[in-house]
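# Structural overview for review
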Amino acid sequence: MSEQTSYVVYFLPQKIQKRRYEVMIASAKKKGLNLVSSFSDRVTHLVTDLDKWENIEKALQEKNTNRDVTVLKSEWLSRCLKEGKFSDPINSEVLQIRPVALESQDSGKKEAIVKEYACMRKTPLKSKNPDIVSALETLSENAFFHDDEARRLAFQKAAGVIKSLNFKIKNINQVKGLHDVGKHSLEVIKDIIEEGSSIEVENIINDPWFHQMKAFQSIYGVGPSKAKKWIAQNVFTIDDLIERTDLHSSFDHRMELGISFYKDLNTQVTKQHALAIKNLIQQHLEEILPGCILVLAGGFRRGKASGHDADILLTHPIEGKEIGLLPKLLNLLSDSGLVLHGTMETGHNNPQTIMKDKGKPLASNVDHFDKWIGIMKIDKNLKDLDSSDNENDLIQLEQNSLTETSIETKKGRLSKKRSFVQTLDNNEDFARDTKKKLASNSKMSFEQLLALSSKDKQWVARRVDIIVVPVSQFFYALVGWTGNKWFNRSLRLYSQRVLGLKLTSHGLFDLNRGTSLPANSEHQVFDNLKLEYIEPTDRNC
Ligand code: UTP
Ligand code: MN
C-alpha cells in the first residue's frame, strides 16, 4: 500500500501487558513500520488498550487532545504486524469512545461524539453536510434497487452518522475512524470534499435506469421488482404504463390507483393540509365517540414541512373505548364520500399476537393495531390548519394519564376482558360488513379510475394512515409511528442487544417473562429504555 508512509503510529504502553508490548514494538521495528517512541503532532494513529477517553488523555498528559489522530485497539496493530504493513482499520478495530471528529485542527473546541446507536444521537432534519448525505443516500438507494440489503444498510448508517454531525466537514481526517463510516463511504466523502463530487455517485444519478426506478418506485403500490420488470419491458414513463394495454392484466388494484392518481398522490402533502385532514377525521369521530385524541405522527412530527402521507394516531383516554371504533369511523367517512380506497386491518391487537413477535426480525416495524391504510378524497377547498394544535392533544393525554384517567385506565384494563368478549361478536360482524362495503367501493376498473382522475374533480386524492391505539400502548405507538424508520430500527436493535428486551409499537416487553413496562409519555418510553430523551425533531437519521 502506497499510503504506508503516511502512517505514523504511537502505541500507548498503559494497561497492556509489558511483555506483549515489548514484543510488538520489536516486531514493528524489524518490519520497518513507522512506530514512534513518543506522542507528537506527527502521530496519525494512536493504539491503546485503554477504553476510557479520560484515561487516554491522562496517559498522553494532554487535556483535550485536539488533534485528528485515529484511535485504534491493539488488535489492529497485531494484524498489521502479521501482514507486515499498516492497512486501514476495520470497524471492530476502531475505538468508539473518543470524540473523534473535530471541527478543525486548531479550534479543538467543537467536537462531535458519535455514539454507537443512532437512537443515542441527535439527528436534526437539516444536515450541515447535505451533499455528502445525499450522495451516501443515493448509494444506499441504488443498493436497495439492486436487492443488496447489506450495502443499503451500510450506506444508510454512514449517512445517518454524517447527518448527526454538528459541523461542516472540511477535512477527511475529521471523519476517519467514525463509527459506521466504512472505507467505501470515506472514499465518497473524500471525493466530495476534495473534488466537489463523487464520480461513482454522479454515474448513478446520470444512469437512466436509476431514474426510472425512482420514478416507478414513487407510484403507490409499486416496489422495486415490479419497476425492474417494467424497465426490462421497455416501459419508461407513467404514460407508457397507461398506453401499453398488454401490461394492464399484471396490475393489481393498488397499482391501478397509483397510476391513475399519480399526480395527486405525488404532490407533497403540507403539514397544514395534513392537520386539516386530521381535523376532518376528528369531526367525524365526535359523532361516534366523543373525546378521542388524534395526533399527526410521521415526518411532520419530526419537523418536516411536507410529506407523502398523513400518519394519524387515534386513541381514547379511556382504555377499551377504542375497540371496534375503526370500522365505525370508516363507515362514516365512506358515507361522507371521503374514501377512495383502502385496506382495513382489525382484531389482531391482543397478547397472543404480540407474543408471536418474539421470533420476528429485530428491527421489524410490523404492528397489530387496528389500522386503515388508504386514499382519501379531500375537498379542494378544505382550509389548511395551523400547526400549533397537534401537540396540544398530546399534552392533554399525558396529563390525563397522569391524573384520573390512569385510574380509569386501570379499571378499563381489568374490565376490558369481559367487555371485549361481549362486544366482540358485534364488532366482528360490523367490521366484516364495513370491509365488504369498502371493497365494493373499490371495484372500479382501471378505465373507470383513469376517467375519474382525469375529469375536472373537486377533490384531491391523499394517502392517509389511521392507526387506532389503546391508550396504554399509545406512547410506544407514537415513538414507532413518528420514526423515522432508521431511528426505530436502531431503537429496536439497541433494546434487544443492550437490554435484552423487545421493543415494538405496542410496548417494551420481556417476552420470556411475558411482562411489559408501561409508559405515560414519550419521556417515559426513553426512561424505560435507559436512553437520553431525543426530541422528535432530532430523530431524522
Ligand atoms: P412513513 O412511511 O409515512 O414515513 O412512516 P415518514 O417519515 O412519515 O415519511 P413521509 O414524509 O410520509 O414520506 C412513518 C413512520 O411510521 C412507521 C415508519 O417506520 C415511520 O417511522 N411505520 C410505517 C410503521 O411503524 N409501520 C408501518 O406499517 C408503516
Ligand atoms: Mn408519513
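Only a predicted model underlies this, so the values are computations on that prediction, with no experimental measurement involved.

Definitions and cut-offs
Residues numbered from 1 in each chain as written. Chains lettered and ligands numbered in written order. Predicted model: local features only at pLDDT ≥ 70, side-chain atom pairs only at ≥ 80, totals over all residues. Heavy atoms only, no water. Core = buried A, V, L, I, M, F, W, Y, C linked by side-chain atoms within 4.5 Å. Buried < 20%, exposed > 50% of the residue type's maximum accessible area, 1.4 Å probe, protein only. Helix = DSSP H or I, 4+ residues; strand = E, 2+ residues; numbered from the N terminus. Contact = heavy atoms within 4.5 Å. Near = heavy atom within 4 Å. Polar contact = N/O pair within 3.5 Å; in protein donor to acceptor, adjacent residues only side chain to side chain. Areas by Shrake-Rupley, 256 points an atom, 1.4 Å probe, with all protein chains shown as cover. Nonpolar A, V, L, I, M, F, W, Y, C, P; charged D, E, K, R; others polar. Axes fitted to C-alpha atoms, helices over the stretch in contact; angles between N-to-C directions. Parallel < 35°, antiparallel > 145°, perpendicular 65-115°, else oblique. Left-handed = near helix turned anticlockwise from the far one by under 90°. UniProt positions renumbered as here; feature names shortened; annotations may be inferred. Pairing = 2+ DSSP bridges. Arc of directions from axis to C-beta. Salt bridge = Lys/Arg side-chain N within 4 Å of Asp/Glu carboxyl O. Phe/Tyr/Trp six-rings, centres within 6.5 Å; stacked < 30°, edge-to-face > 60°. Lys NZ or Arg CZ within 6 Å of the ring centre and 35° of its normal.

In this section: the nonpolar core. Formed by 42 residues in total, the largest nonpolar core has its most connected members in Leu136, Ile162, Val175, Trp230 and Leu241. Among the elements that line this core, the one with the most residues is helix α4 (residues 130-145), at 6 residues. The contacts of Leu241, once residues within four sequence positions are left out, are Phe216, Ile219, Trp230, Val235, Leu247, His248, Phe251 and Ile259.

Before going further, it helps to examine the site of ligand 1. With respect to spatial proximity, 15 residues lie near ligand 1, and among them Gly299, Lys304, His308, Asp309 and Gly483 are the closest. In the environment of ligand 1, an oxygen atom lies 2.7 Å from a nitrogen or oxygen atom belonging to the side chain of Lys304. Burial of ligand 1 by the protein chains amounts to 76% of its free accessible area of 590 Å². Secondary-structure elements contributing two or more residues to the shell around ligand 1 are α14 (298-301), α20 (474-482) and α21 (485-499). Split into classes, the residues belonging to the shell around ligand 1 amount to 1 nonpolar, 9 polar and 5 charged.

So, about the packing of helix α11 (residues 253-260) against helix α19 (residues 446-454). Between α11 and α19, the shortest axis-to-axis distance is 9 Å and the interhelical angle comes to 25 degrees. It follows from the interaxial angle that α11 and α19 lie roughly parallel. Here the hand of the crossing between α11 and α19 comes out right-handed. Residues His253, Glu256, Leu257, Ile259 and Ser260 of α11 lie in contact with α19, whose contacting residues are Phe446, Leu449, Leu450 and Ser453.

It is worth spelling out the UniProt feature "binding site: Mg(2+)" (unreviewed entry) in the protein at this point. Following the UniProt record, the feature "binding site: Mg(2+)" (unreviewed entry) maps to Asp309, Asp311 and Asp465 here. Taking the farthest pair of C-alpha atoms as the criterion, the annotated set spanning 157 residues converges on one region, since that pair is 7.4 Å apart. Position of Asp309 relative to the elements: it lies in the loop between β9 (306-307) and β10 (310-315). Inspection of the secondary structure assignment puts Asp465 in strand β13 (residues 459-468). Judged by its relative accessible area of 5%, Asp465 falls in the buried class.

Another point: the side chain of Asp538. Its place among the elements puts Asp538 in the segment after α22 (522-528). Dropping the residues within four chain positions of it, Asp538 is found in contact with Arg121, Lys122, Thr123 and Pro124.

Here the focus is the sheet that holds strand β1 (residues 9-11). Spatially, the 4 strands line up as an open sheet ordered β2-β1-β3-β4, and their pairing is parallel. Edge positions in the open sheet fall to β2 (35-36) and β4 (70-73), since each of these has one partner strand only. Across the sheet, helix α2 (residues 53-60) lies against β1, β3 (45-48) and β4, angled at about 110 degrees from β3, the strand it touches most. Where helix α3 (residues 74-83) meets the sheet, it contacts β1, β2, β3 and β4, and its direction lies at approximately 80 degrees from that of β4.

Now for helix α9 (residues 224-232). Along α9, the residues that are buried comprise Pro224, Lys226, Ala227, Trp230 and Ile231. Seen end-on, α9 carries its buried residues on one side only, within an arc spanning 160 degrees. Opposite the buried face of α9, at more than 90 degrees from it, the exposed residues are Ser225, Lys229 and Ala232. Where α9 ends, the next residue or the one after it, Asn234, has phi of about 60 degrees, a positive value.

Moving on, we get to the environment of Asp367. Along the polypeptide, Asp367 turns up in the loop between α16 (351-355) and β12 (370-379). A relative accessible area of 5% places Asp367 in the buried class. Between the alpha carbons of Asp367 and Ala477 there is a distance of 9.0 Å; along the sequence they are 110 residues apart. Once residues lying within four places of it in the same chain are set aside, the contact partners of Asp367 are Trp481, Ser505 and His506. Within the local environment of Asp367, its side chain forms a polar contact with the side chain of Trp481, the two groups lying 2.9 Å apart.

This part is about the pattern of salt bridges. Enumeration according to the criterion identifies 21 salt bridges in this entry. Arg20 is paired through a salt bridge with Asp49; the nearest N and O atoms lie 3.7 Å apart. One end of the pair, Arg20, is in helix α1 (residues 18-30); the other, Asp49, is in the loop between β3 and α2, and 29 residues separate them in sequence. The partly exposed category is assigned to Arg20, whose relative accessible area is 31%.

Attention now goes to the packing of aromatic side chains. Here the structure, examined in full by the defined rule, presents 16 aromatic pairs. Arranged with centres 5.2 Å apart and planes meeting at 90 degrees, the rings of Phe474 and Phe475 form a pair that is edge-to-face. Side by side, Phe474 and Phe475 carry an identical accessibility label, which is buried. Both rings, one in Phe526 and one in Tyr533, keep their centres 5.1 Å apart while their planes meet at 75 degrees; by these two values the pair is edge-to-face. Here the aromatic residues Phe144, Phe145, Trp209 and Phe210 are joined through ring pairs into a cluster of three or more. Lying over the aromatic face of Phe144, Arg152 brings its terminal NZ or CZ to 4.1 Å of the ring centre. Its guanidinium or amino end placed over the ring of Tyr220, Arg254 lies 4.9 Å from that ring's centre, counting from NZ or CZ.

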